[in-house]
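Fold and contact review
Each chain, letter by letter, is given below.
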Amino acid sequence: MKILIIENEVYLAQSIATKLGELGHVCEMCTSTKDAIRGNNYDVVLLSTNINGQDFNPVIETFKNSIVILMVSYISNDTVSKPLSAGAKDYILKPFMIEELVRKIDHYQDYERLKKRNLAYEKYLDYTFANAKNEISLENVELPLFISSNFQKYADAFAFEYARVQNLPIHFVTLSDPKALTEIENLPQNSIIYLIDYQALKKTDKKTFCELIADKKAIISSTDKIDEVEHRVVEIKSESNVFDKNEILPIEDYVKYIVLNYQDKYPDTELSKKLGISRKSLWEKRKKYDIIKKK
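The notes below deal with the structure included here. (Residues numbered from 1 in each chain as written. Predicted model: local features only at pLDDT ≥ 70, side-chain atom pairs only at ≥ 80, totals over all residues. Heavy atoms only, no water.)

Glancing now at the overall build of the protein. The helix and strand inventory of the protein stands at 11 helices and 10 strands. Taking 19 Å as the expected radius of gyration for a compact globule of 295 residues, we find that the protein reaches 28 Å, considerably beyond that expectation. Expressed as a percentage of its 295 residues, the buried residues of the protein come to 39%. Considering only contacts within the protein whose residues lie at least 6 apart along the sequence, 54% involve residues at least 24 apart. (Helix = DSSP H or I, 4+ residues; strand = E, 2+ residues; numbered from the N terminus. Rg over C-alpha atoms; globule rule 2.2 N^0.38 Å. Buried < 20%, exposed > 50% of the residue type's maximum accessible area, 1.4 Å probe, protein only. Contact = heavy atoms within 4.5 Å.)

Structure representation (structure tokens):
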């Protein structure tokens, strides 16, 4: 990592730089905030709050995309509270062991990495579920809830959206895993458990399963019809069910599927070109299948 050390005690800065350098990090040093804000390409910024008469906010703003860790001699509103409110990640009290500093750096690196990965996953899910809309209200949903859907993605969209609205973590478990029941038993209470492949359970295991999830915040999906359960069962139908059965589609069914699911992503000229038909034929297909294009 590339690390900037902002410290007016030159000996201390050199000592920190040497120890971090031995661990493979590249360190640069400066003694004032004015010198510090001339560059911003650093993974980590170690900012000493002992530098008298310096305004730390420009440094924190300049390095808002870096991990800013305060090095403080005492804890006060000016040395800790205000800089943390401005965007610094954490502080470490002088004197400190280099191992503790490295631990903090590693922790925030992991945090930033996970945050970026989570953002990418959310964008991907939004894209994947863009056409998987359902009519089930997310309000007053009582769990456990069973969902029967001929298209797995529709149940997936409901479960992930419900967890987002409730602001709760979600655990994904497939019931085709032999260790699924053990995993469910050990999951925390204050989280959503999304379970798929209910149809894969043996009939003899379904009673045990229903007893296990009776007091949990569970959403259970099946691509088959769900019978003989004590909890609420809802059905989500999809025009896309034919794509979930590994069958070769008739041409007409394929065209209908493409028009239904991609007409909002492509203009008619491009969509008809991809299907190998004319725009007039595309309009005729819509009329035939009673498909209304959203404006």
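Right, let's get into the pattern of salt bridges. If charged atoms from side chains of opposite charge come close, those side chains can pair. Scanning the model with the defined rule gives 12 salt bridges in all. Across the pair Lys-89 and Glu-112 runs a salt bridge, and its minimum N-O distance is 3.2 Å. With a gap of 23 residues between them, Lys-89 in the loop between α4 (77-86) and β5 (90-93) and Glu-112 in helix α5 (residues 98-128) connect regions that are remote in the sequence. With a relative accessible area of 24%, Lys-89 lands in the partly exposed category. You can call Glu-112 buried: its relative accessible area is 16%. A salt bridge links Glu-100 to Arg-103; its shortest N-O distance comes to 2.9 Å. Linking Glu-100 with Arg-103, this pair stays in helix α5, spanning three residues, or about one helical turn. One connected set of salt bridges, linked through shared partners, spans Lys-89, Glu-112 and Lys-115. (Salt bridge = Lys/Arg side-chain N within 4 Å of Asp/Glu carboxyl O.)

This part takes up the sheet that holds strand β4 (residues 67-72). Strand order in the open sheet formed by five strands is β2-β1-β3-β4-β5, and the pairing between neighbours is parallel. For this open sheet the edge positions go to β2 (26-30) and β5, each flanked by a neighbour on one side alone. Here the average twist between neighbouring strands, direction ignored, is 20 degrees. Most of the contacts of α5 go to β4, to which it runs at about 155 degrees, and overall it touches β1 (2-6), β3 (44-48), β4 and β5. (Pairing = 2+ DSSP bridges. Axes fitted to C-alpha atoms, helices over the stretch in contact; angles between N-to-C directions.)

One can describe the packing of helix α9 (residues 251-262) onto helix α11 (residues 279-289) by two numbers: an axis separation of 11 Å at closest approach and a directional angle of 95 degrees. Classified by the angle between their axes, α9 and α11 sit roughly perpendicular to one another. Taken together, the residues of α11 that come into contact with α9 (itself represented by Glu-252, Val-255, Lys-256 and Val-259) are Leu-282, Lys-285, Arg-286, Lys-288 and Tyr-289. Its residues placed into classes, the contact of α9 with α11 shows four nonpolar, no polar and five charged. (Parallel < 35°, antiparallel > 145°, perpendicular 65-115°, else oblique. Nonpolar A, V, L, I, M, F, W, Y, C, P; charged D, E, K, R; others polar.)

Here strand β6 (residues 145-149) lies mainly inside the structure; five of its five residues are buried. Burial along β6 is two-sided: Leu-145, Ile-147 and Ser-149 facing one way and Phe-146 and Ser-148 facing the other are all buried. Note: β6 against strand β9 (residues 218-222), four bridges, orientation parallel. Counted as the bridge partner of Ile-147 is Ser-221 from β9.

Next up on the list: the packing of helix α10 (residues 268-275) against α11. For the pair α10 and α11, interaxial distance at closest approach is 9 Å and the crossing angle is 90 degrees. Compared by their axis directions, α10 and α11 come out roughly perpendicular. Contacts between α10 and α11 involve Asp-268, Thr-269, Leu-271, Ser-272 and Leu-275 on the former and, on the latter, Arg-279, Leu-282, Trp-283 and Arg-286. Among the residues making up the contact of α10 with α11, the classes are represented as four nonpolar, two polar and three charged.

What follows concerns helix α6 (residues 152-166). Compared with the 21 Å implied by 1.5 Å per residue over 15 residues, the 22 Å span of α6 between its first and last C-alpha is a close match. Looking one or two places after α6, you find Asn-167, whose phi comes out positive at around 55 degrees. (Expected span 1.5 Å × (residues − 1).)

Inspection of the secondary structure puts Glu-7 in the loop between β1 and α1 (10-22). Side chain to side chain, Glu-7 and Ser-48 meet in a polar contact 3.1 Å long. A polar contact of 2.7 Å, which involves the side chain of Glu-7, links it to the side chain of Lys-94. (Polar contact = N/O pair within 3.5 Å; in protein donor to acceptor, adjacent residues only side chain to side chain.)

The topology assignment puts Gly-87 in the loop between α4 and β5. What makes Gly-87 partly exposed here is its relative accessible area of 38%.

A word on the packing of aromatic side chains. Within the structure shown, the criterion is met by eight aromatic pairs. Where Phe-146 meets Tyr-198, the ring centres are 5.2 Å apart and the plane angle is 75 degrees; that geometry is what we call edge-to-face. Taken as a pair, Phe-146 in strand β6 and Tyr-198 in the loop between β8 (192-196) and α8 (203-212) lie far apart in primary sequence, 52 residues in all. The two residues Phe-146 and Tyr-198 agree in class, both being buried. An aromatic cluster is built from Phe-129, Phe-160, Phe-172 and Tyr-194, whose rings are joined through pairwise contacts. (Phe/Tyr/Trp six-rings, centres within 6.5 Å; stacked < 30°, edge-to-face > 60°.)

In this section: the layout of surface pockets. The calculated volume of the largest pocket comes to roughly 700 Å³. Contributing to the lining of the largest pocket are 22 residues, with Leu-125, Asp-126, Phe-160, Glu-161 and Arg-164 lying nearest its centre. Contributing elements (two or more residues each) for the lining of the largest pocket: α5 and α6. Among the elements that line the lining of the largest pocket, the one with the most residues is α6, at six residues. Residues belonging to the lining of the largest pocket are distributed by class as follows: 14 nonpolar, three polar and five charged. (1 Å grid on protein atoms, 1.4 Å probe; cavity = no way out; pocket = protein on both sides within 12 Å on 5 of 7 lines; lining within 4 Å. Points joined across faces, edges and corners; volume = space filled by probe spheres on them.)

Worth remembering: the numbers are spatial, not functional.
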